Amino acid sequence: MNNIEIDIETYSSVSLPKCGVYKYAESPDFEILLFGYSIDGGEVQTIDLACGEKIPEVILDALTDDNVTKWAFNAQFERVCLSRYLADMGISLDPFHDNHPLSRGCARFLNPASWRCSMVWSAYMGLPLSLEGVGAVLGLEKQKLTEGKDLIRYFSVPCNPTKSNGGRTRNLPEHDTEKWQRYKSYNIRDVETEMQIQQKLSKFPVPDEIWDEYHIDQEINDRGIRVDMPFVEQAIAIDELSRKRLTAAMKDITELDNPNSVVQMKSWLSDNGLETDTLGKKTVAALIEETDGEVSEALSLRQQLAKSSVKKYQAMQNAACLDNRCRGMFQFYGANRTGRFAGRLVQLQNLPQNHVPDLEQARSLVRSGDMDALDMLYEDIPDTLSQLIRTAFIPADGQKFYVADFSAIEARVIAWFAGEDWRTQVFKDGGDIYCASASQMFKVPVEKHGVNGHLRQKGKIAELALGYGGSVGALKAMGALEMGLAEEELQPLVNAWRQSNPHIVRFWWDVDTAVKKVIKEKQPQMVKGVKFYYQSGMLFILLPSGRTLAYVKPRIGENRFGGASVTYEGVGGTKKWERIESYGPKFVENIVQATSRDILMYAMKTLRCCSIVAHVHDELIIEANPKMSLDVLCEQMARVPPWANGLILRADGYVCDFYRKD
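Note that the structure is a prediction, hence the values are computed from the model and not measured. (Residues numbered from 1 in each chain as written. Predicted model: local features only at pLDDT ≥ 70, side-chain atom pairs only at ≥ 80, totals over all residues. Heavy atoms only, no water.)

Peer 1: Would you mind going over the overall build of the protein with me for this structure?
Peer 2: Scanning the protein for helices and strands turns up 26 helices and 19 strands. Seen through its C-alpha atoms, the protein measures out along the principal axes to roughly 75 × 70 × 55 Å. A burial count over the protein gives 54% of its 662 residues as buried. In the protein, the share of contacts with a sequence separation of at least 24, taken over all contacts with a separation of at least 6, comes to 67%. Working note: accessible area of the protein is about 29400 Å², and carbon and sulfur atoms make up 49% of it. The protein carries 77 positive and 89 negative side-chain charges, and their two centres are separated by 4 Å. (Helix = DSSP H or I, 4+ residues; strand = E, 2+ residues; numbered from the N terminus. Buried < 20%, exposed > 50% of the residue type's maximum accessible area, 1.4 Å probe, protein only. Contact = heavy atoms within 4.5 Å. Areas by Shrake-Rupley, 256 points an atom, 1.4 Å probe, with all protein chains shown as cover. Lys, Arg positive; Asp, Glu negative; His and termini not counted. Charge placed at Lys NZ, Arg CZ, Asp CG, Glu CD.)

Peer 1: Would you take a moment to explain a negative patch on the surface for this structure?
Peer 2: A surface patch of negative charge is lined by Glu57, Asp61, Asp65 and Asp66. As for its placement among the helices and strands, Glu57 is situated in helix α2 (residues 57–63). (Patch = residues over 30% accessible without salt bridge, like charges linked within 9 Å, V, L, I, M, F, W, Y side chains within 5 Å. Salt bridge = Lys/Arg side-chain N within 4 Å of Asp/Glu carboxyl O.)

Peer 1: Looking at this structure, I do not really get helix α7 (residues 148–155). What am I missing?
Peer 2: An α-helix turns once per 3.6 residues; consequently, residues spaced three or four apart project the same way. Listed as buried for α7 are Gly148, Leu151, Tyr154 and Phe155. Within α7, the buried residues cover an arc of 125 degrees as seen down the axis, which keeps them to one side. Turned more than 90 degrees from where α7 packs its buried face, Lys149 and Arg153 sit exposed. At its buried positions, α7 is contacted by β1 (3–11), β2 (31–39) and α8 (177–200). (Arc of directions from axis to C-beta.)

Peer 1: I'm lost on unusual backbone geometry in this one. Help?
Peer 2: For residues other than glycine, phi is negative in most cases, and the peptide bonds are mostly trans. The phi dihedral of Glu255 falls on the positive side, at around 60 degrees, and the residue is not glycine. Phi at Lys528 takes a positive value of approximately 50 degrees, unusual for a residue other than glycine. According to the relative accessible area criterion, Lys528 is partly exposed, its value standing at 45%.

Peer 1: Can you help me understand the pattern of salt bridges in this one?
Peer 2: Side chains carrying opposite charge are able to pair once their charged atoms draw close together. If you walk through the whole model with that rule in mind, you get 36 salt bridges. The partner of Arg153 in a salt bridge is Asp150, and the shortest N-O contact between them spans 3.0 Å. Pair noted here: Arg153 and Asp150 are both in helix α7, with a separation of three residues, about one helical turn. A salt bridge links Glu463 to Arg423, with the shortest nitrogen-to-oxygen separation between them at 2.5 Å. Residue Glu463 is found in helix α21 (residues 456–466), and its partner Arg423 is found in helix α19 (residues 421–428); the two are separated by 40 residues along the sequence.

Peer 1: Is there a simple way to think about the packing of helix α3 (residues 75–88) against helix α9 (residues 208–223) in this case?
Peer 2: Packed helices, taken two at a time, are described by the angle their axes make and the gap between the axes. Direction vectors running N to C along α3 and α9 enclose 50 degrees, while the axes themselves pass 12 Å from each other. It follows that α3 is oblique to α9 by the angle criterion. Crossing angle aside, the handedness with which α3 passes α9 is right-handed. Seen from α3, the contacting residues are Ala75, Gln76 and Arg79; seen from α9, they are Tyr214, Gln218, Asn221 and Asp222. (Axes fitted to C-alpha atoms, helices over the stretch in contact; angles between N-to-C directions. Parallel < 35°, antiparallel > 145°, perpendicular 65-115°, else oblique. Left-handed = near helix turned anticlockwise from the far one by under 90°.)

Peer 1: Any chance you could explain the nonpolar core here in plain terms?
Peer 2: A general tendency of soluble globular proteins is for nonpolar side chains to be buried together. Membership of the largest hydrophobic core comes to 178 residues, with the highest contact counts inside it found for Phe35, Tyr313, Phe393 and Phe532. The dominant element in this core, judged by the number of residues it contributes, is helix α25 (residues 584–606), at ten residues. Sequence-distant contacts of Phe393, that is, excluding residues within four places in its chain, are made with Ile225, Arg226, Val227, Met316, Met329, Val346, Leu348, Leu351, Phe401, Phe658 and Tyr659. Grouped together as the second largest cluster of nonpolar side chains are 17 residues, Ile253, Met265, Leu279 and Val284 included. (Core = buried A, V, L, I, M, F, W, Y, C linked by side-chain atoms within 4.5 Å.)

Peer 1: What is the right way to look at the state of the cysteines in this model?
Peer 2: Two cysteines form a disulfide when their sulfur atoms are joined by a covalent bond. All chains considered together, the criterion is met by zero disulfides. Looking at Cys81, it has no disulfide partner, and the nearest cysteine sulfur is the one in Cys321, 12 Å off. (Disulfide = S-S within 2.5 Å.)

Peer 1: Is there a simple way to explain the sheet that holds strand β17 (residues 611–616) in this structure?
Peer 2: Hydrogen bonds along the backbone pair up the strands of a sheet, which may run parallel or antiparallel. Taken in spatial order, the four strands of this open sheet run β17-β18-β10-β19, and their pairing is antiparallel. Among the strands making up the open sheet, the edge pair consists of β17 and β19 (651–656). Each adjacent strand pair in this sheet contributes to an overall mean axis angle of 20 degrees, direction not counted. (Pairing = 2+ DSSP bridges.)

Peer 1: How should I be thinking about a nonpolar patch on the surface in this particular structure?
Peer 2: On the surface, Met1, Ile39 and Val58 cluster together to form a nonpolar patch covering roughly 230 Å² of accessible area. Structurally, Val58 can be placed in helix α2.

Peer 1: I tried to follow the sheet that holds β2 on my own but got confused; where do I start?
Peer 2: As summarised here, the arrangement of the five strands in space is β3-β2-β1-β4-β5, forming an open sheet in which the pairing is mixed. In this open sheet, the two strands that pair with only one neighbour each are β3 (45–48) and β5 (115–117). When strand polarity is set aside, the average angle formed by the axes of neighbouring strands in this sheet is 30 degrees. Both β1 and strand β4 (residues 69–72) contribute to a ladder of three bridges, which runs parallel. In the strand pairing of β4, Ile4 is matched with Lys70. This element, α8, spans β1, β2, β3 and β4 of the sheet and lies at about 145 degrees to β1.

Peer 1: Please clarify how the packing of aromatic side chains should be interpreted in this entry.
Peer 2: Given two aromatic rings, their pairing is described by the distance between the two centres and the angle made by the two planes. Scanning the model with the defined rule gives 27 aromatic pairs in all. Here Trp71 and Trp211 contribute two aromatic rings whose centre-to-centre distance is 5.7 Å and whose plane-to-plane angle is 90 degrees, an arrangement assigned as edge-to-face. Placement of the pair is Trp71 in strand β4 and Trp211 in helix α9, with a sequence separation of 140 residues. One exposure class covers both Trp71 and Trp211, and it is buried. Look at Trp416 and Phe417: their rings are 4.9 Å apart centre to centre, the planes differ by 50 degrees, and that puts the pair in the tilted class. In this pair, the class of Trp416 matches that of Phe417, namely buried. In this structure an aromatic cluster arises from ring pairing among Trp71, Trp121, Tyr124, Trp211, Tyr214, Phe332, Tyr333 and Phe341. Note that Arg170 overlies the ring of Tyr11, its terminal NZ or CZ placed 3.7 Å from the centroid. (Phe/Tyr/Trp six-rings, centres within 6.5 Å; stacked < 30°, edge-to-face > 60°. Lys NZ or Arg CZ within 6 Å of the ring centre and 35° of its normal.)

Next comes the structure, spelled out in structure tokens:
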């Protein structure tokens, strides 16, 4: 046996979408109902565990044998669920990991090293992340059966007790034998579909290095990150009490039945002489400044109530396993345009920043449930709770968090690609790119908190908004007007940035020309060490790291300005499979972000022996002994990959007892 393709159907009373597979498989009532499999491409079979059939010894042995490759679509689900199944049978999951000092928390799960995921393969090829979606795009002969959702709802999740079902909370095979037979057919069809996907994609194999990266990702997901549950529970309780108080105060002022209602609130504001089309965050913040008295007070209370901080705390509570560690928070290749990770469950990628000066004091007041002291010292409780979200993540006893991130990674990568040497020199000299950019744009020296310091902000917003072809609209979206820039300043700012970065601007349009040429002539092109080529109806971009980006069915079309533009098929802003328009600067954004991701991945490989518990954008969070050297960690993280000769990297870090932004 070399390969085994697996698909399972399961039952658990824990919500999979809310809590994730690790918590789902921990439930006391969790069980595997059906085990569908194919050995080395042979006939697909299903084992009816719910009706007393047993998985053969040879298959059980294969699950723990690292010489047998296990395949599944979204393999993390199968691997974690089968880990629970084998552990319940008293079978050792992985003797090496069981006794390994660095495996903290990993030993509970099957070693991911011999697992492959056809969902990752699909993502690598720019295809959808659902079995149904991939089957449709590839036009498979045997596609996922559409009735699956109904069968899952019937057998795999609890049901509502009714008179007609005798008050039961779960449907078993004997409650509908015909449906159960269809569920078995559905299980077999999923395995067949997965095998067909692999056959279709066989001429585009995923490189071994990518599978190694996937295994690192699975190790991090298995390890999880610890949550301070007493703190989380108190934060939820305080938020609830605070919301009751704020709602009562709003009712006193407005005399509305439901002051949270947009319709009722708009009507009340209108009666008080204030007309507004929207009650969005930015609008409310502006209206608070423009009004006074009861109107301003009511809007201020509404602003506080709008904080959704409690949702993050509830997400932690939902996802935390029995050992208070949240697992499964990262999806490998979740952003398939660049291969970047996507956040799941708690969504670490969009946590609010913390600006409270005495973070530790605020945190301890919440943890002890001292609402009165919190109210007295911090006028906006929802905002304080929001700023404390990060601090809910804590290291294991006797450990500390070592947090390190890359400094201005995308700015460094785009300068390296384009050969914008003045920027690279700034990074070599350890300078501030925002000051240097402003200095280059306005032809005067700019120092942070020094001479012409007021120009740094313009340099910063230009850097953040204009690197990928952005113009006036991008500056506005980045908040240029709110920062005090005048409308008439924006276009000159765009012009100044582009004039200061001629090599970057040229890189955009060289890439644009290369992509169009490849699609029209089907001949490969090279731009600044990046190869563009066409194969089997796909556009590929080969990065310096050796990884490729894939674009499905590229075509030359016409944009809204009447010029030629590139379109390809992918998951767009509507989350549906559709034609997406792109052009040079957008492809450059993909190339730069994908390369930044490869640099982070290289650092993760370098630091694999450390306990990485989480990562956010360009930052790693490591749980380690307090004796570990932060300087050595940052030095290791900033090692330049062999394929990025001449790139200047820097990593900065700090040590903490709970997660925070330094």
